[in-house]
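# Summary of structural features
If you want the building blocks of each chain, they are given just below.
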Amino acid sequence: MGAQQVRDGFAALYGTEPDGVWAAPGRVNLIGEHTDYNDGFVMPFALPHTATAAVSRREDGVLRLHSADIEGGVAELRVADLAPESDKSWTAYPAGVVWALREAGHPVTGADIHLASTVPAGAGLSSSAALEVVVALALNDLYELGLRGWQLARLCQRAENVYVGAPVGIMDQTASACCEAGHALFLDTRDLSQRQIPFDLAAEGMRLLVVDTQVKHSHSEGEYGKRRAGCEKGAALLGVDALRDVAYDDLDAALARLGDEEEVRRLVRHIVTENHRVERVVSLLSSGDTRAIGPVLVEGHASLRDDFRISCPELDLVVDTAMASGALGARMTGGGFGGSAIVLLEEADVEPVTKAVEKAFATAGFTAPRVFEAVPAAGARRLV
Ligand code: GAF
């Protein structure tokens, strides 16, 4: 949604012009799934779809929240009363950011906020992180807090972990805050060091499709938390701080040490091989061998399906159909259990592969998927 429209929405609601308008994008993750809460590597890029917020500062302790996308009026809260896990509605995301800023000692004394988002919700494209980051960036500017992108990401993650109660990692918030147009973000989630990797598929005659299966996922439903707990158990059994510390070359020995812990073994194998896949993709992209990342993406999908066990029939059907129709690579992206897959392919294959996937879904009796092309877009920014 355009800045002017969100600004007008604010003025109609609150009767004054906002102090400014900000935008923060959703993301797709090229490779590096579930590695972020294991101190590992990820490689997301920002989508052109954004959460946009018109915001004004307030000094009286009142926080007013409204979303153009959700039925209902303006929610009015008092910043001093914000308490973790007290809110089960969408307002927990922006309110959680205010709570996290105040908990960290930043003097946020209220705000009027009107939001509108074009990031599809529940599609594994980080609509929640976009909401958090846009609010964090707006308050950072309005209260002149001087926080950098990665610091905002940490606060947003804390909002989601503690205030919302979802045990997510740091990838989505960092992607939304720090990505750059035309690049994928190679992020080390241990220390948040970053490298922007040029990722211009069109220049090489390729495209990347996002296929939203329309199967809705939810992180707070427990399976995500179970995987996270299983990874932490694996690290404890292996005597390391995080699975990031298990070297790829030592994987077989590590798996042998896990004895009959079959489930933990599978989780460990996914994380260690997935970190290695991120490093392979970075090295292939850096040497200009972009087409060669295709098989690495497919390996990543198989690992998420068979070892991490978070795929679903719809995601598998996208990957299998795309690959059978000539795609260079494909995998599920995001938290799993539904959501979206990505497909890397030659420009000339966009139409036949899209048609093949749509046909396969119709034949299987699945809801029609939503397919769109993704070009790496800009991270969070002030619009007005
Ligand atoms: C979700 C989480 F929010 C991220 O932190 C990450 O773990 C991802 O699932 C899986 O890679 O998007």
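Residues numbered from 1 in each chain as written. Predicted model: local features only at pLDDT ≥ 70, side-chain atom pairs only at ≥ 80, totals over all residues. Heavy atoms only, no water.

## Points about the overall build of the protein
Tallying secondary structure elements over the protein gives 11 helices and 13 strands in all. The C-alpha radius of gyration computed for the protein amounts to 21 Å, which stays within 12% of the reference 21 Å derived for 384 residues, consistent with globular compactness. With the C-alpha coordinates of the protein rotated into their principal frame, the extents come out at 60 × 50 × 40 Å. Taking all 384 residues of the protein together, 58% fall into the buried category. Partitioning the intrachain contacts of the protein with sequence separation of at least 6 by distance along the chain shows that 72% fall at a separation of at least 24. With 35 positive and 54 negative side-chain charges, the protein shows a spacing of 1 Å between the two charge centroids. (Helix = DSSP H or I, 4+ residues; strand = E, 2+ residues; numbered from the N terminus. Rg over C-alpha atoms; globule rule 2.2 N^0.38 Å. Buried < 20%, exposed > 50% of the residue type's maximum accessible area, 1.4 Å probe, protein only. Contact = heavy atoms within 4.5 Å. Lys, Arg positive; Asp, Glu negative; His and termini not counted. Charge placed at Lys NZ, Arg CZ, Asp CG, Glu CD.)

## Considerations on the layout of surface pockets
A volume near 580 Å³ is recorded for the largest pocket. Broken down by secondary-structure element, the contributors of at least two residues to the lining of the largest pocket are β6 (111-117), α3 (127-142) and α5 (171-178). Looking at the lining of the largest pocket element by element, the count peaks at 4 residues for α3. Among the domains, domain 1 (3-198 + 378-382) and domain 2 (201-373) are the pair contributing at least three residues each to the lining of the largest pocket. (1 Å grid on protein atoms, 1.4 Å probe; cavity = no way out; pocket = protein on both sides within 12 Å on 5 of 7 lines; lining within 4 Å. Points joined across faces, edges and corners; volume = space filled by probe spheres on them. Domains from an automatic or database assignment.)

## Considering the site of the ligand
The ligand sits among 13 residues. The nearest are E33, H34, D36, D172 and Y224. In this structure, D172 approaches the ligand through a side-chain N or O atom, which is 2.7 Å from an oxygen atom. Take G335: an N or O atom from its main chain is 3.4 Å from an oxygen atom of the ligand. Across the complex, the protein chains shield 98% of the 310 Å² of accessible surface that the ligand would expose by itself. Judged by its atoms lying within 2 Å of the grid points, the ligand is housed in the largest cavity. Two domains share the shell around the ligand, each providing at least three of its residues, namely domain 1 (3-198 + 378-382) and domain 2 (201-373). (Near = heavy atom within 4 Å. Polar contact = N/O pair within 3.5 Å; in protein donor to acceptor, adjacent residues only side chain to side chain. Areas by Shrake-Rupley, 256 points an atom, 1.4 Å probe, with all protein chains shown as cover. Sits in = over half its atoms within 2 Å of the grid points.)

## Description of empty space enclosed by the protein
In the structure shown here, the tally under the stated rule is 1 cavity of 30 Å³ or more. Reported here for the largest cavity is a volume of approximately 110 Å³. Top element by residues in the lining of the largest cavity is α5. It accounts for 3 residues. Here the lining of the largest cavity is composed, by residue class, of 4 nonpolar, 6 polar and 4 charged. Counting contributing residues per domain, the lining of the largest cavity is built from domain 1 (3-198 + 378-382) and domain 2 (201-373), each supplying no fewer than three. (Nonpolar A, V, L, I, M, F, W, Y, C, P; charged D, E, K, R; others polar.)

## Brief notes about the sheet that holds β6
The strand order across the open sheet built from 6 strands is β5-β4-β6-β3-β1-β13, with neighbouring strands paired in mixed fashion. Among the strands making up the open sheet, the edge pair consists of β5 (75-78) and β13 (381-382). Note that strand β1 (residues 20-29) and β13 share 2 bridges and pair antiparallel. Looking across to β13, one finds that W22 is bridged to R382. On top of the sheet, helix α1 (residues 3-14) reaches β1, β3 (44-57), β4 (62-67) and β6; it is set at about 135° to β6, its chief contact. (Pairing = 2+ DSSP bridges. Axes fitted to C-alpha atoms, helices over the stretch in contact; angles between N-to-C directions.)

## Let's talk about the UniProt feature "domain: GHMP kinase C-terminal" (unreviewed entry) in the protein
As annotated by UniProt and renumbered to match this structure, "domain: GHMP kinase C-terminal" (unreviewed entry) occupies residues 283-361. Taken end to end, residues 283-361 is 53% helix and 15% strand, and its two terminal C-alpha atoms sit 35 Å from one another. (UniProt positions renumbered as here; feature names shortened; annotations may be inferred.)

## Describing the sheet that holds strand β9 (residues 206-212)
If you walk across this open sheet you meet the 4 strands as β10-β11-β9-β12, and the pairing is antiparallel. The sheet is open, and its two borders are formed by β10 (329-333) and β12 (370-373), each paired with just one other strand. The sheet shows a mean angle of 20° between the axes of neighbouring strands, taken without regard to direction. Relative to strand β11 (residues 340-346), β9 is paired through 7 bridges, and the arrangement is antiparallel. The partner of R207 across the bridge, within β11, is L345.

## Notes on the packing of helix α8 (residues 262-286) against helix α9 (residues 293-306)
Their axes nearest at 10 Å, the elements α8 and α9 cross at an angle of 165°. In this view, α8 runs roughly antiparallel relative to α9, as classed from their interaxial angle. Between α8 and α9 lies a crossing whose hand is left-handed. Along its contact with α8, which presents R266, H270, T273, E274, R277, R280, V281, L284 and L285, the element α9 presents I293, V296, E299, G300, S303, L304 and D306. Partitioning the contact of α8 with α9 into residue classes produces 6 nonpolar, 4 polar and 6 charged. (Parallel < 35°, antiparallel > 145°, perpendicular 65-115°, else oblique. Left-handed = near helix turned anticlockwise from the far one by under 90°.)

## Remarks on the pattern of salt bridges
As enumerated under the stated definition, the model contains 27 salt bridges in all. Between E347 and R207 there is a salt bridge, with the nearest N and O atoms lying 3.3 Å from each other. With E347 in the loop between β11 and α11 (350-364) and R207 in strand β9, the pair connects residues that are 140 residues apart, well separated along the chain. R207 sits in the buried class, given a relative accessible area of 16%. In this structure, E274 engages R277 in a salt bridge whose closest nitrogen and oxygen atoms are separated by 2.8 Å. One end of the pair is E274 and the other is R277, both in helix α8 and 3 residues apart, which spans about a single turn. You'll find E274 and R277 in the same group, each marked buried. Beyond isolated ion pairs, a larger network of salt bridges with shared partners links E33, E274, R277 and R331. (Salt bridge = Lys/Arg side-chain N within 4 Å of Asp/Glu carboxyl O.)

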